[in-house]
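Observations on chain architecture
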Amino acid sequence: MKKIKIFQRLLATLSITGWSLAIYALLVFDKARPDRAIGYYLSKGAAIRLGWDPVQTVQLEHIIWACAAISFVSLAFNYYFAHHSKMGYWFNIPLLLLSSVAAGLYITFVI
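Residues numbered from 1 in each chain as written. Predicted model: local features only at pLDDT ≥ 70, side-chain atom pairs only at ≥ 80, totals over all residues. Heavy atoms only, no water.

1. With respect to the packing of aromatic side chains
Using the criterion set out here, one finds 2 aromatic pairs in the structure. With a centroid separation of 5.5 Å and 70° between ring planes, the pair formed by Tyr80 and Phe81 is classed as edge-to-face. Phe81 gets classed as buried once you look at its relative accessible area, which sits at 4%. Taken together through their ring pairs, the aromatic side chains of Phe77, Tyr80 and Phe81 make up a single cluster. (Phe/Tyr/Trp six-rings, centres within 6.5 Å; stacked < 30°, edge-to-face > 60°. Buried < 20%, exposed > 50% of the residue type's maximum accessible area, 1.4 Å probe, protein only.)

The structure is reproduced here in structure tokens:
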């Protein structure tokens, strides 16, 4: 198999793994943070959860930082291969890195 095909499959695997991990974090850890007590919801009588499970919050933080690490490694591979072959840049890798770093910083410093 050609090197370019191996690199493309490696990048695809890293990208799919990173996005799957991000979606897993969104789906599974619903109780990892409290709801915001916004006046609109309070005036409409919606139930607001003020507590959260701290164990799941720590797990969510670890999953999001792992997602950021995977996307950083994938971005480094993409940068290297784009400069040493005719393969171009993949747009989804920096997008995943940016969103996972932003979510990780939010969970680390705000929650």
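2. Considerations on the side chain of Asn78
Its location among the elements puts Asn78 in helix 3 (residues 54-84). Judged by relative accessible area, Asn78 falls into the buried class, the value being 1%. Not counting residues up to four positions away in its chain, the partners in contact with Asn78 are Leu11, Met87, Gly88, Tyr89, Trp90 and Ile93. (Helix = DSSP H or I, 4+ residues; strand = E, 2+ residues; numbered from the N terminus. Contact = heavy atoms within 4.5 Å.)

3. Re the UniProt feature "transmembrane region" (unreviewed entry) in the protein
Under the local residue numbering, the UniProt record ascribes the feature "transmembrane region" (unreviewed entry) to residues 62-82 and 89-109. The annotated region residues 62-82 carries 100% helix and 0% strand content, and the separation between its end C-alpha atoms amounts to 30 Å. End C-alpha to end C-alpha, residues 89-109 measures 32 Å, and it is 86% helix and 0% strand. (UniProt positions renumbered as here; feature names shortened; annotations may be inferred.)

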